[in-house]
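The lines below spell out each chain.
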Amino acid sequence: MDFKLRRPLEASSNASSSMMSEISRNLKPGLPFIPCDSTNICYGARQEQSFSEFPPPQVTQCHGLYAREQKTETKNQLEPSSAVNDLVMDWNPRLMLSNLSFLEQKIHQVQDIVRSIISQEGRANELAAQQQLVTADLTYIIIQLISTAGTLLPNIKNALLSATPPVAQTGVVANLPVNASQKHHEVLSVELAKASEYDELIKDLNSGGEGDELIKCLNNSVAEVSESIPIEDHDIKDYDDGMDGENLPPGSYEVLQLEKEEILAPHTHFCLICGKGFKRDANLRMHMRGHGDEYKTAAALAKPSKEASSEPAIIRRYSCPFVGCKRNKEHKKFQPLKTILCVKNHYKRSHCDKSYTCSRCKTKKFSVIADLKTHEKHCGRDKWICSCGTTFSRKDKLFGHVALFQGHTPAIPMDDAKVSGMSDHVQVGETTNGMVANMGYNFSGNASDDAQSLDIKDVDDGQGYFSPMNFDACNFGGLDEFPRSAYDVSESPFSFLSTGTCSFIPRNGEN
Amino acid sequence: MKRAHQQHRHQPFDSILAALSVDLLIQILERVDDPGDRKAWRLVCRDFLRAEALHRRGLRVLRLEALPGLLRRYAACLDLLDLSACPGLGDHALATALFAGAGSWLLKSVSLSRASGVGWRGLAALAAACPRLESVDLSHCVGVGDREAAALAAAEGLRMLRLDKCLRVTDVGLAKLAVGCPALENLSIKWCLEISDIGIELLAKKCRDLRVLDISYLKITNSSVKSISSLGKLEVLSMVGCSNIDDEGLQFLDNGSNSLRSIDVSRCDNVTASGLTSVIEGHMCLQKLNVGDCFPELAPLFLSKLNGLKDSLTVLILDGFQVSASSLKIIGVNCKNLSEIGLSKCKWVTDEGISELAAGCVNLMSIDLTCCRMLTDKALMAIGEHNKKLVCLRLESCSLITDKGLEYIGTGCPKLEEIDLTDCPITDTAMKYLSRCWELMILKLGLCDKISSEGLVHIASNCQNLCELDLYRCIEVTDDGLAAIATGCSKLQKLNLCYCIQITDRGMKHLSCLEDLRDLELRGLHHVTSLGVTSIAIGCRRLTELDLKRCNLVDNVGLCALAQYTGNLRQINISYCPVSSMGLCKLLGTLKCLQDVKLVHLTHVPVERLELALRAYGGQLKKLKLFIGLRDLLSPWLIQMLHARRCRIRWVDKPLVFSP
């Protein structure tokens, strides 16, 4: 569930947060509907629940291909589906029914399209698009059928199903064709050990050249829609939250999941007497001394010992409360987090706004303050810059770049400048050919002092300073492949000579 | 334009050109070798001067103020411009001077060594003005950094570059040069301590034509050697004092490119025989091998590998090793073509070993036996017998050799040009033998306290080419000896007379006829007065270095004479001299070329006058030596100003003691 989407809901009622989470949990199953037409239902449902401030654009966006005349019909679907999801148990005939009726609609739709193709022959463009549509729809229907049948398999474990997130469940019902097929593939292969024949079938479908293309084209056509699904995104990023490489077999550890509020709370240890919060237990114990002598005993101040050393300690791992996240225990490739600190950092980094902006570069943003501090240590400093404007954090990387590209040279770094009071820009702005090409233009010709002459320039507007004419007029054989970027600002070696110095090289060339 | 006009001007009827055309004049001039004679030629008439200007290819500027005029005259023809004696040369001056010949520069080689006033602007102007620039020497310009390197990188055709001790050049500057000057063939980045493996790697990738590379004293590791080994044309590699490089690094050089002719790994502490063995195996045409002060003992494996270099090896430097007689024998047998061997400070070098070596390597031209204290006359006998081509022999501190030994040298080695006999117990008789080597140019007799004027008379009678003579603490030498030297060795350029206490003004008077004298040390001569110094100043106009420390009788008059006549003086030491503020002000106020001044314990100069004199100095001081007590007495403003002008002040913490 996208955090951003959920926020307006929370904003509307802060007081009853517990109730809110209840509602949002209820809404979760509806989420996978977003990409396809049935999203409307989902939003519709919300509107019914008087969360009217929900932004409408999504709705219009989702009007796409399938949503032509379904509004009325699909509305009916809401009640069963949400009701169904509340009792997610083993095989559910209602769910099955709703799936089937949905498929029926789908088939009708395809029929409509085919009819329209028959009626308006000739226009090739439309025809091709419609053909694609038809094939896509048919594929989708097949997949849905298989998956619906899959739920009927006798070997499904209740436990498994209940552990399976409603996402997966509803994903079965109505996800995007692409997502659905992939998801199903995985769901089946992972959870339904004996459903291999279905597996095969889907594989064939997926691997078959036509099917592939079709999925691709579908993917393209609804790309904008799928952008609003954050689920897959979260799968891709966040590898650096610890725990990677640890291959604990599932079940060998206990999984804890903290609530979002718990994670984001500034303090985790509270004084039972005055209610003051602390980040560390040790600090709390220190604090407790103020509440009386009984807290001053060595036993009270000692670190609570880790008991039960005789029996093997249970390995504890943590799950991210964000559904769809890879760190969430319901994710198909769940990777647990090792410590509470990992959970906190992961949650802030991945699912919270990046509210800390670097004061130096003003571009980098962070959600964990430690990350900001780490960045600020390096920001602006140790910047290795190539004459082409590319920056590197490491010197060897810059030199590797320089070795690779003809004519590129490293720009002279900050600390080497003997000139004080030079701005970054001038520092940076130094290219091989720039030195020659721009001579006599930067400086009016009488400045004799380094600092002065270099400061003359208005660094903010390097581009304006060098008209293209500069380059054309004084292009001495080369390297104009460099973009005239901000780095093009260069010092003239001839600040003490008249601008006539420019003619040195051309004249010699004639000789 | 002006020049052209002059050339086309109608010649006066009585001009020499009526008889001799410019071509002929130039042909005549080509046969005039002596610089003094050339100077005389220039003074004959304008046409001679013009002919000389057309003929001249190289120019070394001694005084900055003459630079613009000289360049106006010579700009069109010069190949080589040496500005190393102009530390005061700044960007502005250089650019203006280059502007004089704008558009017509054919300069190929420019030396700015020690001209520390030139910055990136000047170098950029140079690179832009001289499109044919091939060689630049910036060694010992300690202020040169990346910016300067970047400016120089605009000279695309650069083939030779010396950046020795350009302390601020980093990998970035080197990268600029490597990218800007891909044709570099000869590069020295000795003592550029900021350069690391990364820079060397890029250099090796960009400058594929490198033939000569000096990376001495850099803090580079084996990976640099690996990148260097990819240079297929590399012939000369110097890596003195690279302690981070070990055998593993040297093994990279064994890559079969086989181009290396010379390698210098002296003072690389972590290199051992096995590393060198791999180098020798990889480069069977190695001509020069310097492994001095690397590892203590010569391994048999290494010696046997030398056999592989039998024909090619000509130079072998083994300073600081334990070299037994058998080792020397193996070298003598294996390296028949050896022309130079260095055994300085080697232990266990015996007469037997030297005899074997001398018998084996008959082509030896240079033998360094400094501090081989076990050697006796027998070794010299062997050398005199076998090494007829010997040019250079160093025997400093060989305290067992006698006059007899030098007789063998004098008779056996007629081509000897340089001999170092410092601290050897020899007498005037030895000088008599040595005088047979009539090509002798450098003679060092320091601490040979038995040498008297008689010996010098022998030398002076036959060695007319002598240009360097060291008589440090030869206390028997008198004015008569100097008279003989002054008349017999008129080409003398360098003379050390420190603590030859018998010498008086009369001796100075004799010396004053040595017109070529450049470097004169007169430390501790109690009998020399200002009169003597005056005669030196008048006679030896080319003097650039003068040491008058503890000349107790030299006062203002001497300094005034120096100020007036020796305009090229660059170094002077007048510590402990009884000069007053007047003389000092005159000296510093007049001489413009002074770079290095030592003014310790000038007891007759008040502090404020000293400060005034230092402030008044108009040239470019690079080094100044002062008594530490003055540090707090001189105004901080002055010290700051001197530092700002790149002058280094050395504070001496020695109490004032008058030597007996």
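Residues numbered from 1 in each chain as written. Chains lettered and ligands numbered in written order. Predicted model: local features only at pLDDT ≥ 70, side-chain atom pairs only at ≥ 80, totals over all residues. Heavy atoms only, no water.

(A) Broad picture of the pattern of salt bridges. Per the stated rule, a full pass over the model turns up 30 salt bridges over all chains. Between Asp 396 of chain A and Arg 394 of chain A there is a salt bridge, with its nearest N and O atoms 2.9 Å apart. On the basis of relative accessibility, which here comes to 45%, the residue Arg 394 of chain A falls in the partly exposed class. The salt bridge involving Arg 42 of chain B is made with Glu 52 of chain B; its shortest N-O contact spans 3.3 Å. Taken together, the residues span a long stretch of sequence, with Arg 42 of chain B in helix α3 (residues 35-42) and Glu 52 of chain B in helix α4 (residues 46-55) at a distance of ten residues. By relative accessible area, Arg 42 of chain B is classed as partly exposed at 23%. (Salt bridge = Lys/Arg side-chain N within 4 Å of Asp/Glu carboxyl O. Buried < 20%, exposed > 50% of the residue type's maximum accessible area, 1.4 Å probe, protein only. Helix = DSSP H or I, 4+ residues; strand = E, 2+ residues; numbered from the N terminus.)

(B) Here's a closer look at the packing of aromatic side chains. Residues and elements named next belong to chain B. Going through the model one piece at a time under the given rule, you end up with five aromatic pairs over all chains. For the pair Trp 41 and Phe 48, a centre-to-centre distance of 4.3 Å together with 40° between the ring planes defines the contact as tilted. Like Trp 41, the residue Phe 48 is buried in the burial classification. Arranged with centres 6.0 Å apart and planes meeting at 85°, the rings of Tyr 472 and Tyr 499 form a pair that is edge-to-face. One end of the pair, Tyr 472, is in the loop between β17 (468-470) and α21 (479-488); the other, Tyr 499, is in the loop between β18 (494-496) and α22 (505-511), with 27 residues separating them in the sequence. When its relative accessible area of 27% is taken as the criterion, Tyr 472 is described as partly exposed. On the basis of relative accessibility, which here comes to 19%, the residue Tyr 499 falls in the buried class. (Phe/Tyr/Trp six-rings, centres within 6.5 Å; stacked < 30°, edge-to-face > 60°.)

(C) Representation of the packing of helix α2 (residues 22-30) of chain B against α4 of chain B in the model. Residue and element names in this part refer to chain B. α4 packs onto α2 with a crossing angle of 70° between their chain directions and a minimal axis gap of 9 Å. Relative to α4, the element α2 lies roughly perpendicular. Only Asp 47, Phe 48, Ala 51, Glu 52, Leu 54 and His 55 of α4 make contact with α2, whose side of the interface consists of Val 22, Leu 25, Ile 26, Leu 29 and Glu 30. Taken together, the residues of the contact of α2 with α4 sort by class into seven nonpolar, one polar and three charged. (Axes fitted to C-alpha atoms, helices over the stretch in contact; angles between N-to-C directions. Parallel < 35°, antiparallel > 145°, perpendicular 65-115°, else oblique. Contact = heavy atoms within 4.5 Å. Nonpolar A, V, L, I, M, F, W, Y, C, P; charged D, E, K, R; others polar.)

(D) Summary view of unusual backbone geometry. All names here are of chain B. With a phi close to 65°, Trp 191 is a non-glycine residue in the positive phi region. Topologically, Trp 191 is positioned in the loop between β6 (186-188) and α10 (197-206). A residue is classified by how much of its surface remains accessible, and Trp 191, at 29% relative accessible area, is partly exposed.

(E) Inspection of the pairing of strand β24 (residues 648-652) of chain B at higher detail. Residue and element names in this part refer to chain B. As paired elements, strand β23 (residues 623-627) and β24 share five bridges and run parallel to each other. If you follow Lys 623 over to β24, its bridge partner there is Arg 648. For the crossover from β23 across helix α27 (residues 636-644) to β24, the handedness is right-handed. (Pairing = 2+ DSSP bridges. Right-handed = clockwise from strand over helix to strand, strands pointing away.)

(F) Seen up close, the confidence of the model for chain B. Residue and element names in this part refer to chain B. Per-residue confidence for chain B averages 90 on the pLDDT scale, and 97% of its residues sit at or above 70. Below pLDDT 50 for its whole length, residues 1-9 participates in six contacts with residues either more than four positions away or in separate chains. With pTM at 0.63, the complex prediction returns an ipTM value of 0.85. (pLDDT = per-residue confidence, 0-100.)

(G) A look at the environment of His 601 of chain B. Residue and element names in this part refer to chain B. If you trace the backbone, His 601 turns up in the loop between β22 (596-598) and α26 (607-616). For the pair His 601 and Cys 577, spaced 24 residues apart in sequence, the C-alpha to C-alpha distance is 8.0 Å. Excluding residues that lie within four positions of it along the chain, His 601 makes contacts with Tyr 576, Phe 627, Lys 654, Pro 655 and Leu 656. At 2.7 Å, the side chain of His 601 forms a polar contact with the backbone oxygen of Lys 654. (Polar contact = N/O pair within 3.5 Å; in protein donor to acceptor, adjacent residues only side chain to side chain.)

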